[in-house]
Amino acid sequence: MGRSYLAFVLAPELPFVDWLVELDRRVENSLSFFANRPLVLDLTGVAPTKAETAEIIAFIEERHLRLIAVEGVPLDWLPERLAPLPGKVQTAGVFQPPESEKPGRSAPPVTWENEPSIGSPCAALLVNEPVRSGQSIIYPHGDVIIVGSVASGAEIIAGGSIHVYGSLRGRAFAGTNGNTNARIFCSKFDAEMMVIDGLYKTADDFDLALRGTSVQARLDRNVMNIEKMS
Amino acid sequence: MAKVLVVTSGKGGVGKTTSTAALGAALALNGQKVVVVDFDVGLRNLDLVMGAERRVVYDLINVAQGNAKLSQALIRDKRLENLALLPASQTRDKDALSEKGLARIIRELRTLFDWVICDSPAGIERGAMMAMRHADAAIIITNPEVSSVRDSDRIIGLLDAKTEKAAKGERVEKHLLITRYDQARAGRGDMLKTDDVLDILSVPLLGIIPESDQVLRASNLGQPVTLANPLSAPARAYSDAARRLMGDNLAINVPLERFNLLGRIFGGRAA
């Protein structure tokens, strides 16, 4: 028995300084994505020297990101704790940060930073209006409840579960802090993407028969099940 | 108390300028004092549709920068004396419009008119944000088509985030105007259904304007369609929408959306 998990793959690009600025922006915009999430650094595209490798690793670790492995450089350049993973990591199965985190004209994400007080009986965020295209609701502290629809091009990011009393047409990211028990519920399912603890399914993976019905999505041993709710 | 309306859509070519002119004229026909303001700096069109393109001397930017008085820039309509146009600049850059200057203009317009109708440029850049900034209410123009609907949804989100009202914690009142509604295409099932548009946007419906040659013909003549041909279907739809804005409770005339039986048989189209 073992535990399998997903890791981000960071693949720096040249010029490195620009890439680092971009990384900082992403980390700042989406703390919940990176918090405590294991990272793999793939240096294949950069082809650094030994000294540069050490510098790049230092830069990443300075940002309190949890680096677990480095790839694309000779094994003996690395400290022992950062040995490369056996075999190449399959990027296809690895979570890609969403479009809206790229710089550009995306709306500033709506974030609720006020952490509910400890022992507070209601740690959920209640949103009483439709979530419009281009809007992000980010709530790393717990569940998000939307009374209304989530439009195509909108996204909900929750540390806990997501409940949508309306149509879910956008993207839902539940359990972003590593909560595998998080679920996504919606009364009308038409999503672009469903993610629980980094494991995702896109519209192409959905069973067509589920469209427009009320569903719940949950993880069952690292497989996302989306099922109709009676 | 004057009301500032923004006519906006996100997407271009859906009928913002046409609707601004038609609604402005319809409100004026009902005895209201109306000014239509063009915010499309550099790509102005409202002067053409209002038939005032040869009468522009000063514009919005001249007034915002203090180079002209508001009264010098306002163009009174030749047909309706209680209808006026404040044109955009065609030669200046859109960044020339300052926040302060704009706030002063809107404040002054509020004292002179019952309705200040701001014709927004397409997109979600600075020009569109300026047009919506001081709005009390928004008319969201949507074609029954997916890209238009999504862009409208985006704009509605911005209305709740970037306006002066939003900053004060209030809501901008919103109205949905569906334009270029093509009855033939609706009959074939080639367009989004009105109910689906309303379901996606969840904004109350102000009216449905049918697609019509009359609209283009009126624009080319430099006339709002509500003045050029008041009895045409689009003019009547705009007039009803204007009366709803004034608070009249008129039933909305939804053009037929049922499938034409013959069309279904011979078109071989599944629903």
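Calculation criteria
- Residues numbered from 1 in each chain as written.
- Chains lettered and ligands numbered in written order.
- Predicted model: local features only at pLDDT ≥ 70, side-chain atom pairs only at ≥ 80, totals over all residues.
- Heavy atoms only, no water.
- Helix = DSSP H or I, 4+ residues; strand = E, 2+ residues; numbered from the N terminus.
- Rg over C-alpha atoms; globule rule 2.2 N^0.38 Å.
- Contact = heavy atoms within 4.5 Å.
- Areas by Shrake-Rupley, 256 points an atom, 1.4 Å probe, with all protein chains shown as cover.
- Lys, Arg positive; Asp, Glu negative; His and termini not counted.
- Charge placed at Lys NZ, Arg CZ, Asp CG, Glu CD.
- Pairing = 2+ DSSP bridges.
- Axes fitted to C-alpha atoms, helices over the stretch in contact; angles between N-to-C directions.
- Salt bridge = Lys/Arg side-chain N within 4 Å of Asp/Glu carboxyl O.
- Buried < 20%, exposed > 50% of the residue type's maximum accessible area, 1.4 Å probe, protein only.
- Polar contact = N/O pair within 3.5 Å; in protein donor to acceptor, adjacent residues only side chain to side chain.
- Buried area = accessible area lost by both parts, 1.4 Å probe.
- Nonpolar A, V, L, I, M, F, W, Y, C, P; charged D, E, K, R; others polar.

Summing up its helical and strand segments, chain B has 14 helices and 8 strands in all. What you see for chain B is a C-alpha radius of gyration of 18 Å, in line with the 18 Å of a compact globule of 271 residues. Seen along its three principal axes, the alpha-carbon backbone of chain B occupies a region of about 65 × 40 × 35 Å. Restricting the contact set of chain B to residue pairs at least 6 apart, pairs at least 24 apart contribute 76%. Of the roughly 12300 Å² that chain B leaves accessible, carbon and sulfur atoms contribute 49%. Of the charged side chains in chain B, 37 are positive and 32 negative, and the gap between their average positions amounts to 2 Å.

With that out of the way, let us pick up the overall build of chain A. Check the secondary structure of chain A and you find 3 helices and 15 strands. In chain A, the share of contacts with a sequence separation of at least 24, taken over all contacts with a separation of at least 6, comes to 39%. With an accessible surface of roughly 12000 Å², chain A has 53% of that area assigned to carbon and sulfur atoms.

Attention shifts here to the sheet that holds strand 5 (residues 125–127) of chain A. Residue and element names in this part refer to chain A. Taking strand neighbours across the sheet as the criterion, the 6 strands line up as 5-7-9-11-14-15 in an open arrangement whose pairing is mixed. On the outer flanks of this sheet lie strand 5 and strand 15 (223–228), each paired with one strand and no other. In this sheet, adjacent strand axes meet at a mean angle of 20 degrees when their direction is disregarded. Inspection of the sheet shows strand 9 (residues 162–168) paired to strand 11 (residues 184–189) by 5 bridges, in the parallel sense.

Attention now moves to the pattern of salt bridges. Scanning all chains against the criterion turns up 20 salt bridges over all chains. The closest approach of N and O atoms between R171 of chain A and E155 of chain A, which form a salt bridge, is 3.4 Å. A residue pair is termed long-range when its members are at least 10 positions apart, and R171 of chain A in strand 10 (residues 171–174) and E155 of chain A in strand 8 (residues 155–158) qualify at 16 residues. Judged by relative accessible area, R171 of chain A falls into the buried class, the value being 17%. K3 of chain B is paired through a salt bridge with E173 of chain B; the nearest N and O atoms lie 3.2 Å apart. Of this pair, K3 of chain B sits in strand 1 (residues 3–8) while E173 of chain B sits in strand 7 (residues 173–181); the two residues are 170 residues apart in sequence, bridging distant segments of the chain. What makes E173 of chain B partly exposed here is its relative accessible area of 34%.

Residue and element names in this part refer to chain B. Inspection of the secondary structure assignment puts S9 in the loop between strand 1 and helix 1 (16–29). Between the C-alpha atoms of S9 and I139, which are 130 residues apart in sequence, the distance is 8.3 Å. Setting aside anything within four residues of it in sequence, one finds S9 in contact with V14, K16, I141, D151, S152 and I155. Polar side-chain contacts of S9 include one of 2.9 Å to the side chain of K16.

Right, let's get into the interface of chain A and chain B. Taken together, the contact between chain A and chain B spans 17 residues of the former and 14 residues of the latter. Across the chain A to chain B interface the summed buried area is about 1100 Å²; carbon plus sulfur atoms make up 36%. Joining chain A to chain B, the criterion identifies 4 salt bridges. In this structure, R150 of chain B engages E192 of chain A in a salt bridge whose closest nitrogen and oxygen atoms are separated by 3.7 Å. The interface formed by chain A and chain B includes 6 residue pairs in polar contact (both at pLDDT 80 or more). Classifying every residue of the side of chain A that touches chain B by side-chain character gives 5 nonpolar, 6 polar and 6 charged.

Residues and elements named next belong to chain B. Relative to the assigned elements, R133 resides in helix 6 (residues 126–133). Within the structure, R133 has its side chain in polar contact with the side chain of E99 (distance 2.8 Å). Beyond its immediate sequence surroundings of up to four residues, R133 is in contact with E99, K162, T163 and E164.

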